[in-house]
Amino acid sequence: MSTTDQRVAVVTGAARGIGAATAVRLAAEGRAVAVLDLDEAACKETVEKITAAGGTALAVGCDVSDEAQVEAAVARIVQELGAPTILVNNAGVLRDNLLFKMSVSDWDTVMNVHLRGAFLMSRACQKHMVDAGFGRIVNLSSSSALGNRGQVNYAAAKAGMQGFTKTLAKELGKFGVTANAVAPGFIATDMTAATAERVGMGFEEFKAAAATQIPVQRVGEPEDIANAVAFFTGDAAGFVSGQVLYVAGGPLN
């Protein structure tokens, strides 16, 4: 594929963790990648990893829950990389607490980043996909969508991502655009390390305990999720849409 017809992918929350691994993987698949995160400077490491391997990447600072910032970010991506036809809505935050201790701010922050962010990014990118007659949207859900103590906000948002995904699949399918969701189980990231700290456990101990509950007897790595995203975003996955794939080392539902 020449640079003139190189597909442009946007990965949100791509400064670290699952987003960074996904950006690197999509670049390895030959995509030009917009590495998007709240802090543009934080994207530097991901961009450098891609460019060092011979890929094309652009760091973009954007609060995905802010409509004006999203519109500006996508306009910049179009100008500097080209029209995006692959979108991975990965940006996420945790504000864990039991219901009776959860603040309205904790609820709103999680809803805004996950759901409003995925809505705004998808709306901004879909017109470029429709124009191209090709598009791939992958939304990050979570095993928490099935319910998880202390995460009423996060669980609701991640379950919402599944309904959002299935509706996009129905609306956009006739334009050559697919929409799918990847729902990770336990993945070793800064986010799960923060959870370990919150519950007063060392991260290695936390991972070891989690692994005993997983059929494949290990916790996931960001690359495990990137592999699933790479499949959904590929040209060969055009007949797979509206699906939720649990990548969790075993069945969850």
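Let me sum up the structure you'll find in this document.

Cut-off values and rules
Residues numbered from 1 in each chain as written. Predicted model: local features only at pLDDT ≥ 70, side-chain atom pairs only at ≥ 80, totals over all residues. Heavy atoms only, no water. Helix = DSSP H or I, 4+ residues; strand = E, 2+ residues; numbered from the N terminus. Rg over C-alpha atoms; globule rule 2.2 N^0.38 Å. Buried < 20%, exposed > 50% of the residue type's maximum accessible area, 1.4 Å probe, protein only. Contact = heavy atoms within 4.5 Å. Areas by Shrake-Rupley, 256 points an atom, 1.4 Å probe, with all protein chains shown as cover. Lys, Arg positive; Asp, Glu negative; His and termini not counted. Charge placed at Lys NZ, Arg CZ, Asp CG, Glu CD. Core = buried A, V, L, I, M, F, W, Y, C linked by side-chain atoms within 4.5 Å. Pairing = 2+ DSSP bridges. Axes fitted to C-alpha atoms, helices over the stretch in contact; angles between N-to-C directions. Expected span 1.5 Å × (residues − 1). Phe/Tyr/Trp six-rings, centres within 6.5 Å; stacked < 30°, edge-to-face > 60°. Lys NZ or Arg CZ within 6 Å of the ring centre and 35° of its normal.

## Description of the overall build of the protein
Then comes step 1: A count of helices and strands for the protein gives eight helices and seven strands.
Then comes step 2: Here the protein has a C-alpha radius of gyration of 17 Å; the compact-globule value for 253 residues is 18 Å, and the two agree.
Then comes step 3: Over its C-alpha atoms, taken along the principal directions, the protein stretches across nearly 50 × 35 × 35 Å.
Then comes step 4: Counting the 253 residues in the protein, one finds 51% classified as buried.
Then comes step 5: Residue pairs at least 24 apart in sequence account for 70% of intrachain contacts in the protein once pairs closer than 6 positions are excluded.
Then comes step 6: If you sum the accessible surface of the protein, you get close to 11,600 Å²; carbon and sulfur atoms cover 53% of it.
Then comes step 7: Charge centroids of the protein, computed over 21 positive and 25 negative side chains, lie 6 Å from each other.

## Structural notes on the nonpolar core
Then comes step 1: Among the nonpolar cores identified, the biggest contains 36 residues, and Leu36, Met121 and Ile137 are the most heavily contacted of them.
Then comes step 2: Looking at this core, the element that brings in the most residues is helix α4 (residues 104–132), giving nine residues.
Then comes step 3: Non-local contacts of leucine 36, meaning those with residues more than four positions away in its chain, are made with Val10, Val11, Thr12, Gly13, Ala14, Cys43, Val60, Cys62, Val64, Ala73, Ile77 and Met121.

## Some words on the environment of phenylalanine 239
Then comes step 1: By secondary structure assignment, the location of phenylalanine 239 is in the loop between α8 (222–233) and β7 (244–247).
Then comes step 2: Here phenylalanine 239 falls in the exposed class, since its relative accessible area comes to 84%.
Then comes step 3: In this structure, the C-alpha to C-alpha distance between phenylalanine 239 and glycine 176, residues 63 residues apart in sequence, is 9.7 Å.

## Thoughts on the sheet that holds strand β5 (residues 135–140)
Then comes step 1: What the seven strands build is an open sheet, ordered β3-β2-β1-β4-β5-β6-β7; its pairing is parallel. In this open sheet, the two edge strands, each paired with only one partner strand, are β3 (56–61) and β7. Each strand of the sheet is rotated relative to its neighbour by a mean of 20°, with strand direction disregarded.
Then comes step 2: One ladder, built from four bridges, connects strand β1 (residues 8–12) with strand β4 (residues 84–89); its direction is parallel. Directly across from valine 10, in β4, lies its bridge partner leucine 87.
Then comes step 3: Packing against the sheet, α4 makes contact with β1, β2 (32–37), β4, β5 and β6 (177–184), and its axis sits at approximately 160° to β4.

## Focus: the pairing of β1
Then comes step 1: In terms of residue burial, β1 counts as a mostly covered element, since five of its five residues are buried.
Then comes step 2: Going residue by residue along β1, you find Val8, Val10 and Thr12 tucked away on one face and Ala9 and Val11 tucked away on the opposite face as well.

## Brief notes about helix α5 (residues 152–172)
Then comes step 1: For α5, built from 21 residues, the straight-helix expectation of 30 Å at 1.5 Å per residue is met to within 8% by its first-to-last C-alpha distance of 30 Å.
Then comes step 2: Residues of α5 that are buried: Asn153, Tyr154, Ala155, Ala157, Lys158, Met161, Gln162, Phe164, Thr165, Leu168, Ala169 and Leu172.
Then comes step 3: Where α5 is buried, its residues contact β4, α4, β5, β6, α6 (190–198) and β7.

## With respect to the packing of aromatic side chains
One pair of aromatic rings is described through two measures. These are the centre distance and the angle between the planes.
Then comes step 1: Inspection of the entire model under this criterion finds two aromatic pairs.
Then comes step 2: Measuring from ring centre to ring centre gives 5.5 Å for phenylalanine 186 and phenylalanine 206, while their planes differ by 55°; the resulting arrangement is tilted. Linking phenylalanine 186 in the loop between β6 and α6 with phenylalanine 206 in helix α7 (residues 203–211), this pair joins segments that are 20 residues apart in sequence. Residue phenylalanine 186 shares its accessibility class with phenylalanine 206, and that shared class is buried.
Then comes step 3: Both rings, one in phenylalanine 231 and one in phenylalanine 232, keep their centres 5.5 Å apart while their planes meet at 50°; by these two values the pair is tilted.
Then comes step 4: Residue classification places phenylalanine 231 among the partly exposed positions, given a relative accessible area of 45%.
Then comes step 5: For phenylalanine 232, a relative accessible area of 3% puts it in the buried group.
Then comes step 6: Seen from the ring of phenylalanine 134, arginine 7 lies directly overhead, with NZ or CZ sitting 3.5 Å from the centre.
Then comes step 7: Over the face of the ring belonging to phenylalanine 203 we find lysine 207, whose NZ or CZ atom lies 4.8 Å from the ring centre.

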